[in-house]
Amino acid sequence: MRAGSELRTARLVLRRWRDDDREPFAALNDDPVVMEHFPGRLSRDKSDDFVDRIEAGFEERGYGLWAVEVPGEAPFIGFVGLNPATFDAPFTPALEVGWRLDRAHWGQGYATEGGRAALAFAFGELQVAEVVSFTTVRNDRSRRVMERLGLRHDPDGDFEHPALPEGHRIRPHVLYRIDRTAWESAV
Ligand SMILES: CC(C)(COP(=O)(O)OP(=O)(O)OC[C@H]1O[C@@H](n2cnc3c(N)ncnc32)[C@H](O)[C@@H]1OP(=O)(O)O)[C@@H](O)C(=O)NCCC(=O)NCCS
């Protein structure tokens, strides 16, 4: 598998972004339930800026937050992928696995299935020693995806997200991690 190439799973294609993805992506970024664990919803402009940053990352590194397609069912349901975490925290720099899907497609295992492919890419193609994931304390759905993928909560790594002001409701974050040995025994 070449860096930057599409990833395929039993039900999904993880691919580079197309202009047609921008409208459905803006719609999910404007959904208060999808964005419950983020500082706020995104305007169309901010959503498009995010796509631009993701695509610039693919150009630079050959991987990133892949657009997710369910062939025969939906051309775009959100993203799953890998993102370098570079903000100031004891565990950074690190490679993060993450996901954000349209609510209509929750509850079907797509985030877990795509996340598994992203981890295989990280440990296989990129040969990293470890992958992390993090989210707000109450984001149980995302925490369950992490656990299904074999990531384990590292309470010593829990942190206050430096991009958010002190006292902000979602500033406290939990850290999950998986190293190569744990990944090899999870697959
Ligand atoms: C986090 C998020 C991607 C999780 O979505 P999800 O649908 O719960 O996760 P999955 O796609 O892995 O689906 C797993 C669920 O589908 C169910 N499921 C149904 N069919 C399944 C299948 N074939 N395989 C696996 N799970 C299946 C599982 O039982 C599980 O439900 P449960 O957690 O209630 O037990 C989604 O809630 C989201 O986009 N949230 C908003 C953005 C966000 O918070 N992102 C994370 C920020 S760190």
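It should be emphasised that the depicted structure is a prediction, and the values quoted were computed from it without experimental measurement. Sequence order as written defines the numbering, with residues in each chain counted from 1. Totals for whole chains, interfaces and linings use every residue, but because this is a predicted model, local features are given only for residues with pLDDT of at least 70 and side-chain atom pairs only at 80 or more, for both listing and counting. Note that the side-chain values use all heavy atoms of the structure and ignore hydrogens as well as water.

Novice: How would you explain the pattern of salt bridges if you had to name every residue and give the values?
Specialist: Salt bridges are defined by distance alone: a side-chain nitrogen of Lys or Arg within 4 Å of a carboxyl oxygen of Asp or Glu. Under the counting rule described, the total for this entry stands at 17 salt bridges. Linking Arg 16 and Glu 55 is a salt bridge whose minimum nitrogen-to-oxygen distance equals 2.7 Å. Residue Arg 16 is found in the loop between strand E2 (13-15) and helix H1 (22-29), and its partner Glu 55 is found in helix H2 (residues 44-61); the two are separated by 39 residues along the sequence. Partly exposed residues are those whose accessible area sits between 20% and 50% of the maximum for their type, while under 20% is buried and over 50% is exposed, using a 1.4 Å probe and protein chains only. With a relative accessible area of 28%, Arg 16 lands in the partly exposed category. On the basis of relative accessibility, which here comes to 18%, the residue Glu 55 falls in the buried class. What you see here is one network of salt bridges that share partners, running through Asp 19, Arg 22, Arg 44, Asp 48 and Asp 52. Helix and strand labels come from DSSP, where a helix needs a run of H or I of at least four residues and a strand needs a run of E of at least two; each type is numbered from the N terminus.

Novice: An account of the nonpolar core is needed here, citing residue identities and associated values.
Specialist: Most often, soluble globular proteins keep nonpolar side chains buried together rather than apart. Each nonpolar core is a collection of buried residues, namely Ala, Val, Leu, Ile, Met, Phe, Trp, Tyr and Cys, held together in the definition by side-chain atoms within 4.5 Å. Ranked by internal contacts, the top residues of the largest apolar core, which has 46 residues, are Trp 17, Trp 66, Leu 82 and Leu 119. Going through the elements one at a time, H1, H2, strand E3 (65-70), strand E4 (74-85), strand E5 (94-101), helix H3 (110-125), helix H4 (140-148) and strand E9 (172-179) are the ones with two or more residues in this core. The greatest single-element share of this core, amounting to eight residues, is contributed by H3. By the convention used here, residues are in contact when the closest approach between their heavy atoms is within 4.5 Å. When sequence neighbours within four positions are dropped, the list of residues in contact with Trp 17 reads Phe 25, Val 51, Ile 54, Glu 55, Phe 58, Leu 65, Trp 66, Ala 67, Phe 76 and Phe 79. With nine residues, the next largest nonpolar core counts Phe 87, Ala 89, Phe 91 and Val 132 among its residues.

Novice: Any chance you could break down the site of the ligand for me, citing the residues and the numbers?
Specialist: Within the structure, the ligand sits among 21 residues, and Leu 101, Gly 107, Ala 111, Thr 112 and Arg 144 are positioned closest to it. Within 3.5 Å is the distance limit for a polar contact, defined as a pair of N or O atoms, with the added protein rule that one can donate a hydrogen and the other accept it, and that residues adjacent in sequence qualify only through two side-chain atoms. One of the side-chain nitrogen or oxygen atoms of Trp 106 is found 3.3 Å away from an oxygen atom of the ligand. Arg 148 is positioned with one of its side-chain polar atoms (N or O) 3.2 Å from an oxygen atom of the ligand. Working definition of accessibility: Shrake-Rupley area with a 1.4 Å probe, residue cover restricted to the visible protein chains. Its free accessible area being 940 Å², the ligand has 74% of it covered by the protein chains. Within the residue set of the shell around the ligand, elements represented by two or more residues are E5, H3, strand E6 (130-136) and H4. Taken together, the residues of the shell around the ligand break down into nine nonpolar, seven polar and five charged. For each residue, the test is whether any non-hydrogen atom lies within 4 Å of the molecule or strand; if one does, the residue is near. Gly is put with the polar residues, along with every residue not named as nonpolar or charged; the nonpolar set is Ala, Val, Leu, Ile, Met, Phe, Trp, Tyr, Cys and Pro, and the charged set is Asp, Glu, Lys and Arg.

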